[in-house]
Amino acid sequence: LAAGCREISWQEWNDRTMLSRIAAEAAEDLALATTERTASILLDQFSGALERDVRAVAADLDEGRIDAASSKLAELIARADVGLHLVHPLRVVLAGPPNVGKSSLLNALVGYDRAIVFDRPGTTRDAVAVATAIDGWPVELVDTAGLRAADETIESAGIDRALGQIASADVVVSVRDLSDPSREIDPVSAPESSKTIVVWNKCDLCVSETRRRARSLRVSALSGEGLN
């Protein structure tokens, strides 16, 4: 350095020396992997898995096999979302009315008390996020304020923030109260979509066997039933 050399990061050295851009990016992402499962996939990419698929597509195009190339590309694109979340966790937002057990469900999923639980509606004002892994995939679970018409300024701000979290989520877990099914999310405020999973919590409080059987995706954050 005293003689005029410039110190560079390992990432820049990686970019300069790797023969393949795909391998260079896989090496950088490999350093960011938080689970063994994602690291294993990135190691395959570093070792040439994606590059071989791309070369196969190029070979099909060179030989005029357009349908075969299109089919291979469609398979790669179908798996693209997995690749995008190897180092950037899936954002799973828990949403629903007040007091349906969103905070309790988040705590039960991560295995410790991350969110404050209280039986008064409106306890959660801000979004509470926690990083975890589910089946080897990195996940960020986000607890949000209960959705309802609120007059209080701070709670209204929390609800607005909750709606923003819902809009940007990869998956929305719409939490309902199985012991009181009339308390559902206002569909105008939080419209459901293909990324929404409806989960009925508090199944331990539901005494109606008919209702219990009718709701296939039911859990109890308190007893642990259905969490797997």
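None of the values given here were measured: they were computed from a predicted structure.

Undergrad: Which parts of the structure should I look at to understand the nonpolar core?
TA: Here is a general trend for soluble globular proteins: nonpolar side chains tend to be buried in one another's company. In this structure, Val92, Leu94, Leu105, Leu141 and Val173 are the most contacted members of the largest nonpolar core, which totals 14 residues. For this core, the elements supplying multiple residues, two or more each, are strand 1 (90-95), helix 7 (102-110), strand 3 (137-143) and strand 4 (171-177). The residues touching valine 92, leaving out its near neighbours within four places in the chain, are Val139, Glu140, Leu141, Val142, Val171 and Val173. Residues Ala95, Ala145, Leu147 and Ile166 belong to the second largest nonpolar core, which totals 10 residues.

Undergrad: Where do I start with the side chain of lysine 102 in this structure?
TA: Take lysine 102: it is sitting in helix 7. Although lysine 102 is buried, it forms no salt bridge, and the closest oppositely charged side chain is aspartate 143 at an N-O distance of 5.4 Å. Residues within four places of lysine 102 in sequence aside, it is in contact with Leu94, Ala95, Gly96, Pro97, Asp143, Thr144, Ala145, Gly146 and Val175.

Undergrad: Is there a simple way to think about the pairing of strand 1 in this case?
TA: Regular strands have side chains that alternate between both faces of the sheet. With respect to burial, strand 1 is a largely interior element, five of its six residues being buried. Examined bridge by bridge, strand 1 and strand 3 share five bridges and lie parallel to one another. Paired with arginine 91 across the two strands is glutamate 140, which belongs to strand 3. Pairing of strand 1 with strand 4 involves four bridges; the strand directions are parallel. When the bridges of strand 4 are listed, valine 93 appears paired with valine 172.

Undergrad: I would appreciate a short explanation of the sheet that holds strand 2 (residues 128-134) in the present structure.
TA: Strand pairing in a sheet is mediated by backbone hydrogen bonds. Such pairs are either parallel or antiparallel. On the basis of which strands lie adjacent, the open sheet formed by five strands has the order 2-3-1-4-5 and mixed pairing. Each end of this open sheet is capped by a strand with a single partner; those strands are strand 2 and strand 5 (196-201). When strand polarity is set aside, the average angle formed by the axes of neighbouring strands in this sheet is 25°. Two elements, strand 2 and strand 3, share seven bridges in a ladder whose sense is antiparallel. Within strand 3, the position partnered with alanine 131 by the bridge is glutamate 140.

Undergrad: Is there a simple way to explain the packing of helix 2 (residues 21-30) against helix 3 (residues 36-46) in this structure?
TA: Angle between the axes and distance between the axes are the two parameters that describe a pair of packed helices. Following both chains from N to C, one finds helix 2 and helix 3 inclined at 155°, their axes separated by 8 Å at the closest point. On the basis of the axis angle, helix 2 is roughly antiparallel to helix 3. Note that helix 2 runs across helix 3; the crossing there is left-handed. On helix 3, the residues that touch Ile22, Ala23, Ala26, Ala27, Asp29 and Leu30 of helix 2 are Ala39, Leu42, Leu43, Gln45 and Phe46.

Undergrad: When you look at the pattern of salt bridges in this model, what are you seeing that I'm missing?
TA: Where charged atoms of side chains with opposite charge meet at close range, the side chains can pair. Scanning the model with the defined rule gives 12 salt bridges in all. When the shortest N-O distance is used, the salt bridge between arginine 65 and aspartate 60 registers 2.8 Å. Given the relative accessible area of 5%, aspartate 60 is considered buried. In this structure, aspartate 177 engages lysine 202 in a salt bridge whose closest nitrogen and oxygen atoms are separated by 3.6 Å. Of this pair, aspartate 177 sits in strand 4 while lysine 202 sits in the loop between strand 5 and helix 9 (209-214); the two residues are 25 residues apart in sequence, bridging distant segments of the chain. Residues joined by salt bridges that share partners form a network here, namely Arg6, Glu12 and Arg16.

Undergrad: Honestly, the environment of proline 98 in this entry has me stumped. Any pointers?
TA: Its location among the elements puts proline 98 in the loop between strand 1 and helix 7. The buried category is assigned to proline 98, whose relative accessible area is 7%.

Undergrad: Could you clarify how one ought to interpret the packing of helix 1 (residues 10-17) against helix 2 in this entry?
TA: Packing of helix 1 against helix 2 brings their axes to within 9 Å, and their N-to-C directions diverge by 160°. Of the possible angle classes, the one that applies to helix 1 and helix 2 is roughly antiparallel. In this structure, the crossing between helix 1 and helix 2 has a hand that is right-handed. Between helix 1 and helix 2, the contacting residues are Trp10, Gln11, Asn14 and Asp15 on the first element and Arg21, Ala24, Ala27 and Glu28 on the second. When grouped by side-chain class, the residues that make up the contact of helix 1 with helix 2 number three nonpolar, two polar and three charged.

Rules used throughout
- Residues numbered from 1 in each chain as written.
- Predicted model: local features only at pLDDT ≥ 70, side-chain atom pairs only at ≥ 80, totals over all residues.
- Heavy atoms only, no water.
- Core = buried A, V, L, I, M, F, W, Y, C linked by side-chain atoms within 4.5 Å.
- Buried < 20%, exposed > 50% of the residue type's maximum accessible area, 1.4 Å probe, protein only.
- Helix = DSSP H or I, 4+ residues; strand = E, 2+ residues; numbered from the N terminus.
- Contact = heavy atoms within 4.5 Å.
- Lys, Arg positive; Asp, Glu negative; His and termini not counted.
- Salt bridge = Lys/Arg side-chain N within 4 Å of Asp/Glu carboxyl O.
- Pairing = 2+ DSSP bridges.
- Axes fitted to C-alpha atoms, helices over the stretch in contact; angles between N-to-C directions.
- Parallel < 35°, antiparallel > 145°, perpendicular 65-115°, else oblique.
- Left-handed = near helix turned anticlockwise from the far one by under 90°.
- Nonpolar A, V, L, I, M, F, W, Y, C, P; charged D, E, K, R; others polar.

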